[in-house]
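Here is what each chain is made of, one letter per residue.
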Amino acid sequence: MNTISAIEFSGISKSFAGVPVLRGISFKLGAGRTLGLVGENGAGKSTLMNILGGNLLPDTGGMVLGGTPYTPQDPTDAARAGVAFIHQELNLFANLSIAENLFLAALPRMGSMPWIDRRALHDRTATLLGQVGLAIAPETLVEQLSAGERQLVEIARALALEARLIILDEPTTSLSVRETETLFSLLRRLQARGIALIYISHLLEHVRQLCHDLVVLRDGEVVAQGPIEAYDTPAIISAMVGRSLTRLYPERRGASTTVPLLEVRSLTQLHIVRDISFTVHRGEVLGIFGLMGAGRSELARILFGLDSAQYGEVRMREKVINRREGPRERMERGLAFLTEDRRHEGLCLEASIADNLALVSLREHARTPLRLLDRNTWQQAISTIRAAVRLTAKVSDAQSVQTLSGGNQQKVILGKWLLAKPEVLILDEPTRGVDVGARFELYQLILDLADRGAGVLMISSEIEELTGLCDRILVMSQGEIRGNFPRTEFSRERLLVAALPREAHA
Amino acid sequence: MPSSRPSKETAGLILPGVLFRRALGSDYFVLGLCVIYALAVGPFTPGFFTPENAANLLSTALPLLLVALGQMIVLITGGIDLSVTSIIGLCSVTGAMVMNPESGGLGGDMLTVPAGCIAMLLVGMLVGTANGFAVARCRMPPFIVTLATMMGVGGFAVWLTQSKAINQLPPAFNALGGHTGIALAITALAAGCVQVMLNRSVFGRWLYATGHNPRTAHISGVPVGGVLIAAYACSGMLAALASVFYTGQAETGSPVLGQRILLDVIGAVVIGGTSLSGGRGKVLWTIFGVLFLKLIDNTLNLLSLSIFTLTIVKGAVILLAAVLDAWRIRVAGHPA
């Protein structure tokens, strides 16, 4: 191995208002190698990477980048030193073109004139796009690109800065399987060019595919490090959570019945979903698997009255739901919907935990004559549900939900719906961006709900999660249901085959 | 180690930082500003610390507070209501026409004054509901909707009176509207109702949720459209109530009554701490905001500064409040 490391951390510590977040982090990454950085939410990964990216200053400790001391005061310093940070929430200007995004800091000029050299801009961008394998005109506006293409543009921008070290934070969360493959083959080409990568992800499978080395953080300390081959998945997980999780999925105590709760018949919306029919039974956890764009989320939105359908019938407990009924009416029928976009559709981010939890079930606490809220029963309900969803005890009810980790935010949304005592709970990607420990708790809550006799419709892109939890899995592709697998017939291959789009019909 | 230095620097800053943070976050921050301002400027202002001045301050602050409370409700939903001043004018004209012995036809009937007041409140509610309907059902931006209403309704009020003021209001009405004690009682009652509504009613919680995130609110079963309509109706009605007092104080029905207070209304609410981006606002904040703005108005008037100077100073103060608001949000966004 090369003796000069790409990056070396020695004794990095950082506290916020007296609370230590990082404690003496030391490790190094060899030149041209890829490091998988894993840990639960709140373990300190983001803080460490923000220090590396120049967004934060460490309290103590130092870094050495490619053999020279490295003390970035701001992100510009980091960029100049060749460190590029690709955030989970991409930092592209959607209203500008790809070329403008890539060269925003240093647009090529016509000599010393204040005009932009369009040709140079075009050519340089085209070269970079070629390097990342994106065959799109440099003038295309970023808002027209898919999530995967935007990710590649971000990497092209890192290349434009001649980055020697690229940090990727959860780059695959909004990518389809195919886009993820494209991204990975690009990352492998970057590895071959000798660019060092730090790859942060909750998906250990991806980390294993891509990385040479592994660092596990827990409570601000390095708890495991070394070549990835030295760790199997259970070992990584037990290092992350600090205990060994014997099971990834909780045990199911109840069982599915044959009493229908939610019945969907021939539901159709042109170009979105076609002839969808299925039934969710009392006590059943029904999974919907499919690739991105298969129409799963769209189906869920139609079921909850957020979007409309042209044909078809939906019944809840044998009563037909009127097509025009909105979320409010469907809620009263016993439906609940946890959307895939928790920040924009699941939470009021600036509002308090208590207000978010109570939002759906407010009217239960209104007391006549003036329909005023009964603070006692309200407070009681909130305390009960906080305990039930095992929300972290570290925060008070009055704290805003934006300060919570992804897993805890998801628990708040789930708690909010559980307070409404739903008969059928629709979950769209409930564990996206949620760490292993919190996942297990979410799974437990979902199964508990089914055990108590509710029906659960769970949409997910992760086959493991669905086969671990569901009684039955439907597979969607191109807006249609292409498979219905009972638990005895679960197999990764068959589910994937059913999910792949077919050639266009005549 | 090169980077051990910053921690020492921050150590010295922690205590004042925490105190400052607490002051910024406190509900009584603006009240504190009021006290500091009064103590600093009062001694140099002739006639400031007199009972007459206090009464005068109160009588002008009360109707402003009513309008400001309505504005606050709309701001909490993330909207804005620019039409309040025109509503005040239209209500004033309507009430005066109903109560005027020549145009109203009710003569000296006992019911004249109640009828006039009810007509004013109804008109206010109606205009507000129309605003709310355009915002909620037609999904138009509140700024444009209420700007159009401001011009349309304002113009309509002028047209109704052919730009003449309507005098000869019943003495009972002038006594009612011009009486500071009654105004105080009714404003206190209105503020109390708004306070209870915001904090203890389902509607109040829906209002905040809609302001924080209308999409989340909709998916969580909040009738977002209805909430918006009700918010604008409240604002219209509170403006109408204020119009009763403005009209009574002036003893005239005038379409241009309160024409100049729009900035005062929005300024007072925002100085109080209610966020222009929605989701945040408290009755107490608005009371202090109105008090602060009125204090500035009052002292500058007593110093007999010109209207131009007064406007400049007020503009600067509102700007300062906006800066403080931005700070507060930043502080709230970074809890320790």
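Residues numbered from 1 in each chain as written. Chains lettered and ligands numbered in written order. Predicted model: local features only at pLDDT ≥ 70, side-chain atom pairs only at ≥ 80, totals over all residues.

Remarks on the overall build of chain B
- Scanning chain B from terminus to terminus reveals 15 helices and zero strands.
- Taken across its 336 residues, chain B has 46% of its residues classed as buried.
- Taking contacts inside chain B between residues at least 6 apart in sequence as the whole, the part at least 24 apart equals 79%. (Helix = DSSP H or I, 4+ residues; strand = E, 2+ residues; numbered from the N terminus. Buried ≥ 20, exposed ≤ 12 C-beta atoms within 10 Å, placed from the backbone. Contact = placed C-beta atoms within 7 Å.)

Brief notes about the overall build of chain A
- The number of helices and strands found in chain A is 17 helices and 22 strands.
- A compact globule built from 506 residues should have a C-alpha radius of gyration of about 23 Å, and chain A, at 25 Å, falls within 12% of that.
- For chain A, the spread of C-alpha atoms along the three principal axes comes to 70 × 60 × 50 Å.
- Each of the 506 residues in chain A was classed as buried or not, and the buried ones make up 44%.
- If you take every contact in chain A between residues at least 6 apart in sequence, the share linking residues at least 24 apart comes to 68%. (Rg over C-alpha atoms; globule rule 2.2 N^0.38 Å.)

Points about the interface of chain B and chain A
- Facing 25 residues of chain B, the contacting portion of chain A comprises 34 residues.
- Take the side of chain B that touches chain A: its biggest share by element is five residues, from helix α10 (residues 202-212) of chain B.
- Broken down by class, the residue content of the side of chain B that touches chain A amounts to eleven nonpolar, eleven polar and three charged. (Nonpolar A, V, L, I, M, F, W, Y, C, P; charged D, E, K, R; others polar.)

Details of the packing of helix α4 (residues 84-99) of chain B against helix α6 (residues 112-136) of chain B
Residues and elements named next belong to chain B.
- Interaxial distance between α4 and α6 falls to 8 Å at its minimum, and their mutual angle equals 150 degrees. One element, α4, and the other, α6, form an angle in the roughly antiparallel class. Crossing geometry of α4 relative to α6 is assigned as right-handed. On α6, the residues that touch I87, L90, C91, T94, G95, V98 and M99 of α4 are T112, V113, A115, G116, C117, A119, M120, V123, G124 and V127.
- Of the residues in the contact of α4 with α6, the class split is twelve nonpolar, five polar and no charged. (Axes fitted to C-alpha atoms, helices over the stretch in contact; angles between N-to-C directions. Parallel < 35°, antiparallel > 145°, perpendicular 65-115°, else oblique. Left-handed = near helix turned anticlockwise from the far one by under 90°.)

What to know about the sheet that holds strand β2 (residues 19-30) of chain A
Residue and element names in this part refer to chain A.
- The antiparallel open sheet is built from four strands, whose spatial order is β2-β1-β4-β5. Strands at the two margins of the open sheet, each flanked by one partner only, are β2 and β5 (68-70). The average undirected angle you get between the axes of adjacent strands in this sheet is 25 degrees.
- Where strand β1 (residues 5-16) meets β2, eight bridges bridge the pair, whose relative direction is antiparallel. Within the sheet, the bridge partner assigned to K14 lies in β2 and is L22. (Pairing = 2+ DSSP bridges.)

Some remarks on the domain arrangement of chain A
Residue and element names in this part refer to chain A.
- One can read the domain layout of chain A as domain 1 (5-241) and domain 2 (260-334 + 422-499).
- If you average the C-alpha positions of domain 1 and of domain 2, the two centres end up 35 Å apart.
- Among the elements that make up the side of domain 1 that touches domain 2, the one with the highest residue count is helix α8 (residues 233-241) (three residues).
- Taken together, the residues of the side of domain 1 that touches domain 2 break down into four nonpolar, four polar and two charged. (Domains from an automatic or database assignment.)

Points about the sheet that holds strand β22 (residues 480-486) of chain A
All names here are of chain A.
- Reading across the sheet, the six strands line up as β16-β19-β20-β13-β21-β22 and stay open at both edges, with mixed pairing between neighbours. Here the strands that pair on one side only, and so sit at the sheet edges, are β16 (335-338) and β22. Ignoring which end each strand starts from, the neighbouring axes of this sheet average 20 degrees apart.
- Relative to strand β20 (residues 455-460), helix α15 (residues 436-451) is tilted by about 150 degrees, and along the sheet it contacts β13 (285-290), β19 (424-428) and β20.

Comments concerning the pairing of β1 of chain A
- Where β1 of chain A lies against strand β4 (residues 60-65) of chain A, five bridges are found, and the strand directions are antiparallel. For I7 of chain A, the partnering residue across the bridge sits in β4 of chain A and is L65 of chain A.

As for the nonpolar core
- Of all hydrophobic cores here, the largest spans 168 residues; its most connected members are I426, I446 and V456 of chain A together with L69 of chain B.
- The residues contacting I426 of chain A, other than those within four sequence positions of it, are A300, L303, F304, L335, A336, F337, L338 and L457 of chain A.
- Judged by nonpolar contacts, the second largest core, of 69 residues, contains A6, L168, C211 and V436 of chain A. (Core = buried A, V, L, I, M, F, W, Y, C linked by C-beta atoms within 7 Å.)

Focus on the packing of helix α4 (residues 118-131) of chain A against helix α5 (residues 147-160) of chain A
Residues and elements named next belong to chain A.
- It is the contact of α4 with α5, at a shortest axis distance of 9 Å, that shows an interaxial angle of 115 degrees. Crossing hand, α4 versus α5: right-handed. The residues of α5 that touch α4, namely those facing L128, L129 and Q131, are A156, L159 and A160.
- Tallied by class, the residues present in the contact of α4 with α5 amount to five nonpolar, one polar and no charged.

A word on unusual backbone geometry
Residue and element names in this part refer to chain A.
- For H271, which is not glycine, the phi torsion reads 65 degrees and is therefore positive.
- In this structure, H271 sits in the loop between β11 (260-269) and β12 (273-281).
- A residue is classified by how many C-beta atoms lie within 10 Å of it, and H271, with 9 of them, is exposed.
- Even without a glycine there, the phi angle at Q478 is positive, about 50 degrees.
- Relative to the elements of secondary structure, Q478 occurs in the loop between β21 (472-477) and β22.

A look at helix α12 (residues 224-250) of chain B
Residue and element names in this part refer to chain B.
- With 27 residues, α12 extends 39 Å between its outermost C-alpha atoms, agreeing within 8% with the 39 Å of an ideal straight helix rising 1.5 Å per residue.
- A large share of α12 lies buried, amounting to 23 of its 27 residues.
- Directly beyond the C-terminal end of α12, a positive phi value near 55 degrees is found at E251. (Expected span 1.5 Å × (residues − 1).)

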